[in-house]
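Summary of the model geometry
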Amino acid sequence: MTSGTRDEYKRYVLLLFFVVTQLMVAKLGVNGHPQCLDARPPFRASSVSFCPAYKDHGCCTPHQDKQLKIRYDRIRLLVPASEKQLWTDCENYVKTFLCEECSPYAAHIFDAEQISYGTVPKPRAFPGLCRGYCGEFFTKCKNIVKYYMNEVGSDYMEEASKLQSAITMGEENFCNETKLVDLDYCYPGLLTNPILIGNISIDKVSQEGCLCMEPFDKVKFRNPIFLKHANDGSKRMFIGEQIGIVHIMYPDGRLITPAFLDISADIQSSSYKGDERGMLGMAFHPNFSQNRKFYIYYSAIITEYEQQQTSADHKTRIEEFQVSADKPDQVDYSYHRIILEVYEPYWNHNGGEILFGDDGYMYLFIGDGGQAGDPLNSGQDMFSLLGKVVRIDVDRADTVRQREYSIPPDNPFADEIKGLPEIYAYGIRNIWRCGKDRGDHSTGEGKGRIVCGDVGQSNREEVNLIEKGANYGWKIKEGNADYCKKCKSAFLNETLTAPIYDYGHSVGKSVTGGHFYRGCQSPNLNGFYIYGDFMSGRLFRLLHRPGNNTWHNKELKMCGADYCRPPLVNDYSTSIISFGEDEDGEMYMLSTSFASATKASGTVYRIVDPHRRGNPIDCIPYQHQQTLPPASSKAASPTQFPTPPPTDPLSPLPTQPPTANIPLINKPVASAPVSTQSPL
């Protein structure tokens, strides 16, 4: 083969490689948890030439793409002329590894969420490789590693030393050194991983304990984020979309128009898949039937002045609204009251659950502020509301502290000596969805307890029973595993509360907290805390055994078609966003096939046990009455939904300011005066 023929063949192989890669990348990120090295969601780049496989859904701006090309050229120049054949054999590997920084899963490929040294996560320079692929690379190109690592410089001397040492000890040692904590993200296996490309197969069995779903699929929602009821006898279900719109649906599937609430103009969100900002939670006042008040937990847009003063990305806002006195399906926009605001330093880990306890107080579940590895140590900072469970009294303002709420006198830090008085529990990372137990119908067992799912970093997902004064350990612990080992010395005398259950990332990677089933239609489910995993699409139940105070977990499977007969189905969209319950205690799951706040791909499902139903005398199914809702209401279609705020899907999210410039996030923001104007 002549030199020219070899060059032509080489170009052909390179072209074929990138064509195949682009075909696989086109599916990548449909499901899963995409995250860039800066801990922000991927985006569509306007123009990238060096790593074109990730132009439609990736993490590199044109400038970053050019920088990777410069790095590629620097590595090429580091290889001496005497090793020209090494570069010829390995240049494709070098380009591939560099371009993985543009992957929508770059944070996982480079283990950016792991703390290897110190107390703050730092991505590795060399990507995590799957075992078989690693062996092939080692055999052919192990000698390119020293040039690859020389280019990244002195910041990675320790990693470079470990890799070189591993190379001298052989393939097994080298591949163990490049192995990721979560093997699902190793390259190139992630390109075909069912969890990451949205090709999850739902297990189906025909045996006692399997379930069916009843889909309300005539209407598709844009990231349905919650399903709530008002406990006012109306049987209405309030379904919230992440973009800031709440719809009313009845148990027979009728959706009422116009929308109940639309605050999309005030919401900080985007069309980017994986953006965690938006409208996140809703709670009705315990006395809603009389005062018509409800509360929304959402990511609010900040002014330019606020951004300059705080360097925050946005702020979490808890706002009180009121339903119209003469139009029960409409909000009275002339009234609203801001209860609490907290500046959020980053786009992610915003928490979002809000509920009223049996004690009448409001509970808020606020995330640690974002990025990766809790760089501000918010979970253990007792003078920050980030990474906390907050409990406040919204019925009484505190004129002394100039707050629109007061502090329950039995809050663990009500004296303000060792922490902020709002704090009820701490050491949480990013609680996503909680369920408050109505209690057993006969005995009342479990009444009032609150159980939540707390999303893990890169190793463990956990489920916690919320208790006053509890420290759930983040970032000292991640579930039952150690996370920041160097942080432990600073908290030697701290008593940590273990989760009631945790699981590893071979099972799932993003827990979605659920609810206790206390309905009538499926009595076999009574007392089950049903929850799921956003990424793996798997469903589970936890059952408490009070005799020895233990919790037992079991995976829930879908039944076969012989059990799930129409209108029941045995399949569902596997990105499980949330759970909810109606006024009768029947339980619902909200999931989507594409997790974007602007794409109508979400479905509401009612969870059904096909093996045993409740006594029809006791379990009276919902029947539509002409007086509820008003005769003018009609079912809505996706095209009738209001248009979301405009976003530019071609531009990356702005680069985050440095962590050190966020001095004002630690305390709640003083409430703004009550506005008499509509927020829209």
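Residues numbered from 1 in each chain as written. Predicted model: local features only at pLDDT ≥ 70, side-chain atom pairs only at ≥ 80, totals over all residues. Heavy atoms only, no water.

Turning our eyes to something else, we now look at helix 6 (residues 145-152). The complete set of buried residues in helix 6 reads V145, Y147, Y148, M149 and E151. For helix 6, the elements touching its buried residues are helix 2 (62-78), helix 3 (84-99), helix 5 (131-141), helix 7 (157-169) and helix 8 (171-178). Phi for G153, located one or two positions after helix 6, is positive at around 90 degrees. (Buried < 20%, exposed > 50% of the residue type's maximum accessible area, 1.4 Å probe, protein only. Helix = DSSP H or I, 4+ residues; strand = E, 2+ residues; numbered from the N terminus. Contact = heavy atoms within 4.5 Å.)

On to helix 7, then. In this model, helix 7 (13 residues) spans 19 Å end to end at C-alpha, consistent with the 18 Å of a helix rising 1.5 Å per residue. Every buried residue belonging to helix 7 is among E159, A160, L163, A166 and I167, and all of these are buried. Down the axis of helix 7, the buried set is contained in an arc of 130 degrees. They therefore lie on one face. Pointing more than 90 degrees away from the buried face of helix 7 are the exposed residues M157, T168 and M169. Tucked inside the fold, the buried residues of helix 7 contact helix 5, helix 6 and helix 8. Looking one or two residues beyond helix 7, the residue adopting positive phi is G170, at roughly 110 degrees. (Expected span 1.5 Å × (residues − 1). Arc of directions from axis to C-beta.)

Bringing the side chain of D393 into the picture now. Relative to the helices and strands, D393 resides in the loop between strand 13 (388-392) and strand 14 (423-426). Taking the relative accessible area as the measure of exposure, D393 reaches 6% and is therefore buried. Within polar-contact distance, the side chain of D393 engages the backbone nitrogen of D395 at 3.0 Å. Setting aside residues no more than four positions away along its own chain, D393 makes contact with Y361, Y405, S406 and P408. (Polar contact = N/O pair within 3.5 Å; in protein donor to acceptor, adjacent residues only side chain to side chain.)

This next bit is on unusual backbone geometry. Cis geometry marks the peptide bond from Y187 to P188, where omega comes out at 5 degrees. Examined against the element boundaries, P188 turns out to sit in the loop between helix 8 and helix 9 (194-197). A cis amide bond links T257 with the next residue in sequence, P258, at an omega value of 0 degrees. Examined against the element boundaries, P258 turns out to sit in strand 6 (residues 255-262). In this model, R292 sits at a positive phi of 60 degrees, which is unusual for a non-glycine residue. Secondary-structure assignment places R292 in the loop between helix 10 (288-291) and strand 8 (293-300).

So, about the confidence of the model for the protein chain. Parts of the model with low pLDDT should not have their predicted coordinates read in detail. Considering every residue of the protein chain, the mean pLDDT works out to 88; 86% of them sit at 70 or more. Overall, residues 626-665 carries pLDDT values under 50, and its contacts beyond four positions in sequence, including any with other chains, amount to 82 contacts. pLDDT under 50 marks residues 670-680. Its contacts with residues more than four places away, or in other chains, come to 24 contacts. (pLDDT = per-residue confidence, 0-100.)

What follows covers the sheet that holds strand 6. One open sheet accounts for 4 strands, arranged 3-4-5-6; its pairing is antiparallel. The open sheet has two edge strands, strand 3 (224-229) and strand 6, and neither has a second partner. Strand after strand, the sheet turns through a mean of 25 degrees between neighbouring axes, direction not considered. Direction of pairing for strand 3 relative to strand 4 (residues 237-241): antiparallel, over a ladder of 5 bridges. Looking at strand 4, one finds that H229 is bridged to M237. (Pairing = 2+ DSSP bridges. Axes fitted to C-alpha atoms, helices over the stretch in contact; angles between N-to-C directions.)

Inspection of every chain in the model, using the stated rule, returns 11 disulfides. The disulfide partner of C520 is C619, and the S-S distance across this bridge is 1.7 Å. An S-S torsion of about -75 degrees defines the bridge between C520 and C619 as left-handed. On the criterion of sequence distance, the pair formed by C520 in the loop between strand 21 (511-516) and strand 22 (529-533) and C619 in the segment after strand 28 (600-608) is long-range, its members being 99 residues apart. The partly exposed category is assigned to C520, whose relative accessible area is 27%. A relative accessible area of 5% means that C619 is categorised as buried. (Disulfide = S-S within 2.5 Å.)

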